[in-house]
Amino acid sequence: MAGDGELLVWRRRTRARELLVWAGWLLGVSLFIFCWQTIAANTTWYFVADAPRVAADIGDRMVPPKWSYAAKLWGPLWDTINIATLGTILSVLLATPIAFLAATNTTPSTRFVRPLALLIIVSSRSINSLIWGLLLVTIIGPGVVAGIFAITFRSIGFVAKLLYEAIEEIDQRQVEAIAATGANGGQVITFAIWPQILPAFAGTSVFRWDINIRESTVLGLVGAGGIGLELQASINIVAWQQVSVILLAILSTVIVSEWVSAKVRHAVI
Amino acid sequence: MLRLHRLSKQYQAGDDALKGVDLEVPDGQVVALIGPSGAGKSTLIRCINRLVEPSSGQVFLDDEEVTALGSRRLRRTRRRMGMIFQEYALIERLTVMENVLSGQLGYVGFLRSYFRRFPTETVQQAFQLLERVGLTEHYDKRADELSGGQRQRVGIARAILQQPDILLVDEPTASLDPRTSRQIMRLISELCSERQLAAIVNIHDVTLAQMFVARIVGLREGEVVFDGKPDDLTNEVLTEIYGEEDWQTANDRTEEKERAAKESLEEQMKGLSG
């Protein structure tokens, strides 16, 4: 190579590409500066400057937590956990068939059924559970049932999406092997596909349950039951010492649910 | 008897994987299908039980035209064709026993199979087969705990439990070491002669094929270019199938290696029995 005396040059990018990358950076940084200025112009700086004092003030009023109030929280807390758990179970039951209809390798029809399944998934995912809650409280009235369905509708898309991606990633040879024995469609699903997606199924369900515990704590804000109702009531009467008890209750519930979900996921994978 | 009549397969990409293959495999005959990668060996085998749908041509198993069957009848006919795979294609998360029993899925209803309530005699047969392939004590292990050779034995037991008339074997030894490869090929050929099974075995390793089968079919670019006894496989024929290569030197060296391997194997066997 070096024999003819010419130095061989290697560059990561061509000159034109190099310029393009620089232009991209310039554009990005300018956009950031522009946005920064717009936001700054629309901010009341007096309030921002005052924020640490206000926060300290509220923090001050939160302590000591009013521990006696905790006794009244067991009921709403139990509701919250039930909303999350029942909502998750319902959503998993509904999401599983949808996932099979949405996965390219198991859907009965890529032209008609799959788009429909994907539409269900997208619409479920694009609406936050608080908004589902708002809608459902209006439709079926305030309470735990609205909360359960809000969680269900929000979770279907999440669970179905992760599940159908898992179905599309299975080892197709195992499916071939089972089909080659003369097994029927149901047997192919239960013998060849289900064992392969079981870890994803369990992991996704528990992960979603963990998320739902957190989401269901705020559902009460729109009247869909649970500990959020108490939170809103306490904030409305500026009972900061009760608010701090509620926040602590939520925190400990979330910690427990994360611990459970980590344990379960570890066990199945 | 299995009969292929002008069997062709054209993939959507446009390449012809099979170009009008005619082939007859009498009952009980073990045929090795050799040829370079991409010659259409896997496609041929998969077209027989229609895991891959042939583009044209016919497949007959005895008097039944497999290529004309509806899905229900096709499932019934697939029971007569056991399949063995290169990467074993076991259900990794199920136990050895469940994997073997899955060979009977074509005979058992959905609910029975779902609750793993297989008929008693099927379970007996499964145990016998596991003993035959030397895995008796492993029946309750998960398939992914086994070694490559053991997994392929499970795959073989699954195929045999189907009570097939013919085995379709796709590169059974490609993922195995030379010694295990021989043991697996020996097991397959023994089982075929014990049970009067016909078989089509796709195989890369020509020498291994020559050791264990009665007939060799050479496939090149989707066409049969050789069909004869293992001994007729001369250098000219190998060139015809695979293209130009110095076969003699390679062959001599392989033979030498094989002799060495055989001797060491015999010694090991002696060691085991002694």
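Residues numbered from 1 in each chain as written. Chains lettered and ligands numbered in written order. Predicted model: local features only at pLDDT ≥ 70, side-chain atom pairs only at ≥ 80, totals over all residues. Heavy atoms only, no water.

Novice: What should I look at first to understand the interface of chain B and chain A in this one?
Specialist: Where interface size is given, it is often the accessible area lost as the parts come together that is meant. Contacts between chain B and chain A engage 30 residues on the former and 19 residues on the latter. Of the roughly 2100 Å² buried where chain B meets chain A, counting both sides, 63% is carbon and sulfur surface. Taken as a group, Ile91, Arg93 and Leu105 of chain B account for 28% of the area that chain B buries against chain A, more than any other trio of residues on that side. In this assembly, chain B and chain A are joined by one salt bridge. In this structure, Arg46 of chain B and Glu176 of chain A form a salt bridge, with 2.9 Å as the shortest nitrogen-oxygen distance. Taken together, chain B and chain A are joined by six residue pairs in polar contact (both at pLDDT 80 or more). The biggest single contributor to the side of chain B that touches chain A is helix α4 (residues 110–114) of chain B, with three residues. (Contact = heavy atoms within 4.5 Å. Buried area = accessible area lost by both parts, 1.4 Å probe. Salt bridge = Lys/Arg side-chain N within 4 Å of Asp/Glu carboxyl O. Polar contact = N/O pair within 3.5 Å; in protein donor to acceptor, adjacent residues only side chain to side chain. Helix = DSSP H or I, 4+ residues; strand = E, 2+ residues; numbered from the N terminus.)

Novice: Can you walk me through the sheet that holds strand β5 (residues 64–65) of chain B in this structure?
Specialist: The strands making up a sheet associate through hydrogen bonds between their backbones, and the pairing can be parallel or antiparallel. Residue and element names in this part refer to chain B. Spatially, β2-β1-β4-β5 is the arrangement adopted by the four strands of the open sheet, whose pairing is antiparallel. Two strands lie at the open edges of the sheet, namely β2 (16–25) and β5, each paired on one side alone. The pairing of strand β1 (residues 2–10) with strand β4 (residues 56–61) spans five bridges and is antiparallel. The residue of β4 that forms the bridge with Ser8 is Ser56. Packed onto the sheet, helix α1 (residues 41–48) meets β1, β2 and β4 and runs at close to 120° relative to β1. (Pairing = 2+ DSSP bridges. Axes fitted to C-alpha atoms, helices over the stretch in contact; angles between N-to-C directions.)

Novice: Is there a simple way to explain the nonpolar core in this structure?
Specialist: As a rule of thumb, soluble globular proteins bury nonpolar side chains together. Residue and element names in this part refer to chain B. Core analysis: the largest hydrophobic core is formed by 82 residues, its most contacted members being Leu167 and Leu233. Once residues lying within four places of it in the same chain are set aside, the contact partners of Leu233 are Ile34, Val206, Gln210, Ile216, Phe226, Leu238 and Ile241. Core analysis: the next-biggest nonpolar cluster, separate from the first, contains 32 residues, Val25, Cys47, Val59 and Ala89 among them. (Core = buried A, V, L, I, M, F, W, Y, C linked by side-chain atoms within 4.5 Å. Buried < 20%, exposed > 50% of the residue type's maximum accessible area, 1.4 Å probe, protein only.)

Novice: Please explain a nonpolar patch on the surface as it appears in this structure.
Specialist: Residues and elements named next belong to chain A. On the surface, Leu90, Leu94, Ile131, Leu135, Ile139, Ile140, Val145 and Phe149 cluster together into a nonpolar patch covering about 680 Å² of accessible area. Looking at the nonpolar patch, the elements with two or more residues in it are α3 (74–102), α5 (129–140) and α6 (144–168). Take the nonpolar patch: its biggest share by element is four residues, from α5. For Leu94, the position within the fold is in helix α3. (Patch = residues over 30% accessible without salt bridge, like charges linked within 9 Å, V, L, I, M, F, W, Y side chains within 5 Å. Areas by Shrake-Rupley, 256 points an atom, 1.4 Å probe, with all protein chains shown as cover.)

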